[in-house]
Amino acid sequence: MHPLVRPFVRLIVPALLAAGAAGAQAAVAWDEAVQGDFANGGLAPTAIALGEGSNLVLGSTGRVGGVVDRDYFSFTLPAGWQLDTITVLPGSSFLGPGAASFIAVQAGPQLTVNPTGGSPAGLLGWVHYSENDVGTDILGLMGIGPGAIGFAGALPAGTYSFWVQDTGTGVANFRFDFAVSAVPEPAGWALALAGVAGLAGWRARRQAG
């Protein structure tokens, strides 16, 4: 790298990284204890909004008095954004032997898969998660859920509907962190570096003159 370019790169790159980090603050996207119960049916899921960075989704499922509590919610990632990870957070609880905690996703504004049909056909992805997954990103595992359409890597811009359920008797709390980021724009970086190079060239010509 030209010695005249180095100081400008040292200035502009940290500034660009800091600008990206500034939008990455944690926020509560939905907390059932505060904002109310998620929808119990996939045809009209609760609409939530995610921002860039960490988005906490907090709720509970299970079965109490013979009534099954399924939670459905949806969100839209605008153009230029992607869902990078879904992390199971401490505070999640599980209903023990014979029960299974479950999260699934379908592309679109509804989750139309029959919750009692026994088939994951139509789901984009799904996974059973447990206490062993606390602190772990499970998005990749959802992408390889048997019988689902499947996906690899981050989920791109679009609308997605999620279904969360614990099949046991009692109340199971779920705590998820949906991490969203802006997709890097190579053209923007190229423009910034071109500006740096142009400024360095101007300085070199000025010194030579």
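The sections below set out a description of the structure shown in this document. (Residues numbered from 1 in each chain as written. Predicted model: local features only at pLDDT ≥ 70, side-chain atom pairs only at ≥ 80, totals over all residues. Heavy atoms only, no water.)

## Observations concerning the side chain of Gln165
Under the convention used in this document: By definition, any uninterrupted DSSP run of H or I lasting at least four residues is a helix, any uninterrupted run of E lasting at least two residues is a strand, and each is numbered from the N terminus. Exposed residues in this analysis have more than 50% of their type's maximum accessible area, buried residues have under 20%, and partly exposed residues fall in between, with area computed by a 1.4 Å probe over protein chains only. Polar contact is defined as a pair of N or O atoms within 3.5 Å, subject to the rule that within protein one atom must be able to donate a hydrogen and the other to accept it, and that residues adjacent in sequence are counted only when both atoms are side-chain atoms.
With respect to the secondary-structure elements, Gln165 resides in strand S9 (residues 158-166). In this structure Gln165 comes out as buried when scored by relative accessible area, which is 9%. Within the structure, Gln165 has its side chain in polar contact with the side chain of Arg70 (distance 3.1 Å). In terms of polar contacts, Gln165 uses its side chain to reach the side chain of Trp163, at 3.1 Å.

## Overview of the layout of surface pockets
Rules: Think of a 1 Å grid over the protein atoms and nothing else: a 1.4 Å probe that fits but is trapped marks a cavity, an open set flanked by protein within 12 Å on at least five of seven lines marks a pocket, and residues with an atom within 4 Å of a point count as lining. Grid points are joined across faces, edges and corners, and a volume is the space filled by probe spheres set on the points. Following the grouping adopted for this structure description, the nonpolar residues are Ala, Val, Leu, Ile, Met, Phe, Trp, Tyr, Cys and Pro, the charged ones are Asp, Glu, Lys and Arg, and the polar ones are all others, Gly among them.
Within this model, the second largest pocket holds a volume of roughly 160 Å³. Lining the second largest pocket we find 13 residues, and of these Phe102, Gly118, Ser119, Pro120 and Trp163 sit closest to its centre. A breakdown of the residues in the lining of the second largest pocket according to their chemical character gives 7 nonpolar, 6 polar and no charged.

## Re the environment of Ser74
Defined as follows: Here, two residues are considered to be in contact whenever any of their heavy atoms come within 4.5 Å of each other.
Tracing the sequence through the fold places Ser74 in strand S5 (residues 71-77). When the C-alpha atoms of Ser74 and Thr159 are compared, they prove to be 7.1 Å apart, with 85 residues separating the residues in sequence. In this structure, Ser74 is in contact with Pro45, Thr46, Ala47, Ile48, Pro109, Tyr160 and Ser161, ignoring residues within four places of it in sequence.

## A word on the pairing of S5
Working note: regular strand, side chains alternate between the two faces of the sheet. Keep this limit in mind: By this definition, two strands are paired if DSSP reports at least two bridges between them.
S5 sits mainly inside the fold: 6 of its 7 residues count as buried. Relative to S5, strand S2 (residues 46-47) runs parallel, the two sharing 2 bridges. Bridging across to S5, Ala47 finds its partner in Ser74. Sheet analysis places S5 next to S9, joined by 7 bridges and oriented antiparallel.

## Points about the nonpolar core
Under the convention used in this document: To qualify as a nonpolar core, a set must consist of buried Ala, Val, Leu, Ile, Met, Phe, Trp, Tyr and Cys residues joined through side-chain atoms within 4.5 Å.
Membership of the largest hydrophobic core comes to 29 residues, with the highest contact counts inside it found for Phe75, Leu83, Phe162, Phe176 and Phe178. Contributing elements (two or more residues each) for this core: strand S1 (27-31), S5, strand S6 (81-88), strand S7 (101-107), strand S8 (125-129), helix H3 (139-143), S9 and strand S10 (170-182). Per-element tally for this core: the top contributor is S10, with 4 residues. Those residues in contact with Phe178, other than ones at most four positions away along the chain, are Leu50, Gly53, Ser54, Asn55, Val57, Phe73, Phe75, Leu83, Thr85, Ile86 and Phe162.

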